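Notes for the structure review
In case you want the letters, here they are:
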Amino acid sequence: MTVAPVPNVLTLFRVATIPLLVVLLLEPGEGRALLAALAFLAASLSDFLDGYLARRHNVTTSFGKLFDPLADKLLVVTVLVMLVALPREPRVPAWMAAVLIGREIAVTGLRAIASQEGIVLAAERLGKYKMAFQILALHGLLLHYHWLGVDWHAAGMYFLWISLVLSVWSAAEYHRKVYRTCRFGF
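Report follows, based on the coordinates. (Residues numbered from 1 in each chain as written. Predicted model: local features only at pLDDT ≥ 70, side-chain atom pairs only at ≥ 80, totals over all residues. Heavy atoms only, no water.)

1. Quick notes on empty space enclosed by the protein
Here is the rule: A 1.4 Å probe that fits into a set of points on a 1 Å grid over the protein atoms alone but cannot get out defines a cavity; an open set with protein on both sides within 12 Å along at least five of seven lines defines a pocket, and lining residues are those with an atom within 4 Å of a point. Grid points are joined across faces, edges and corners, and a volume is the space filled by probe spheres set on the points. Put simply, DSSP marks the helices as runs of H or I at least four residues long and the strands as runs of E at least two long, and each gets a number from the N terminus on. Each residue gets one label: Ala, Val, Leu, Ile, Met, Phe, Trp, Tyr, Cys and Pro are nonpolar, Asp, Glu, Lys and Arg are charged, and the others, such as Gly, are polar.
Counting across every chain of the model gives 1 cavity of 30 Å³ or more. In terms of lining, the largest cavity is formed by Phe40, Ser44, Asp47, Asp72, Leu75, Val76, Met131 and Ile135. When contributions to the lining of the largest cavity are tallied by element, the ones reaching two or more residues are helix H2 (30-56), helix H3 (62-85) and helix H5 (125-143). Partitioning the lining of the largest cavity into residue classes produces 5 nonpolar, 1 polar and 2 charged.

Right, dumping it as structure tokens:
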């Protein structure tokens, strides 16, 4: 029996965090908001840690290549959907969540098409900035209430707007890159 590399275990941890977040976000309340934000923080840190460990120890697996970005997308999409659905006010606008989720689906599909053409689309710097602002936004939006003199919903929305702009921009860049490189026979 072989033991899964630590980065893969961390990826699975992120996926396992998703049902916990859903349960915590089913009902509004400051305590649940704090617990959800802490769970999301742990999942976000595990993403950073698994990438660091995989690069540092040169431990890359087919599982990790496929499931690491998938786990990130599942986590972000779950949180966005739950934030839109929560009965607390103010809410995350559904259209913003739709644009962000649509971007993730479009870029994932684009990567699959590029892969079939023998092109590997590595995460670009712009996409990494998008993810960083998205993580900051979702932390603030999960906290939602006033804590330590900060309106966390307002702070989260500020970062979500930045993330939205970077999301659309990076998606356009990915599309431009693929269309310049591939012949699609339209």
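Still more ground to cover, so stick around.
2. Details of the side chain of Ser46
Filter applied, for reference: Counting of polar contacts relies on pairs of N or O atoms within 3.5 Å, with two restrictions inside protein: one atom must be capable of donating a hydrogen and the other of accepting it, and residues adjacent in sequence are counted only when both atoms are side-chain atoms. Note on contacts: a residue pair is in contact if any heavy atoms of the two residues lie within 4.5 Å.
Following the sequence through the fold, Ser46 ends up in helix H2. Among the polar contacts listed, one links the side chain of Ser46 to the backbone oxygen of Ala43, at a separation of 2.7 Å. Setting aside chain neighbours within four positions, we find Ser46 in contact with Leu10, Phe13 and Arg14.

3. Brief notes about the nonpolar core
Within soluble globular proteins, side chains that are nonpolar generally end up buried alongside one another. Spelled out, the test is: Only buried residues count toward a nonpolar core. Its members are Ala, Val, Leu, Ile, Met, Phe, Trp, Tyr and Cys residues joined through side-chain atoms within 4.5 Å. Classification of residues uses two cut-offs on accessible area relative to the type maximum, computed with a 1.4 Å probe and protein chains only: under 20% is buried, over 50% is exposed, and between them is partly exposed.
Among the nonpolar cores identified, the biggest contains 31 residues, and Phe40, Leu80, Leu83, Leu138, Leu142 and Leu160 are the most heavily contacted of them. Among the secondary structure elements, those contributing two or more residues to this core are helix H1 (6-24), H2, H3, helix H4 (94-116), H5 and helix H6 (152-181). Ranked by residue count, the leading element in this core is H5, at 7 residues. The contact partners of Phe40, leaving out residues within four places of it in the chain, are Leu21, Leu75, Val79, Ile135, Leu138, His139 and Leu142. Counting 8 residues, the second-largest nonpolar core is a separate cluster that includes Val107, Leu110, Ala171 and Cys182.

4. Remarks on the pattern of salt bridges
Put simply, the rule is: The salt bridge criterion pairs a side-chain nitrogen of Lys or Arg with a carboxyl oxygen of Asp or Glu, the two atoms within 4 Å.
All chains considered together, the criterion is met by 9 salt bridges. Note that Arg14 and Asp50 form a salt bridge whose closest N and O atoms lie 2.8 Å from each other. Of this pair, Arg14 sits in helix H1 while Asp50 sits in helix H2, placing them 36 residues apart in sequence. Neither residue differs from the other here; Arg14 and Asp50 are each classed as buried. In this structure, Arg91 and Glu89 form a salt bridge, with 3.5 Å as the shortest nitrogen-oxygen distance. Linked through salt bridges whose partners overlap, the residues forming this network are Arg14, Asp47, Asp50, Asp68 and Asp72.

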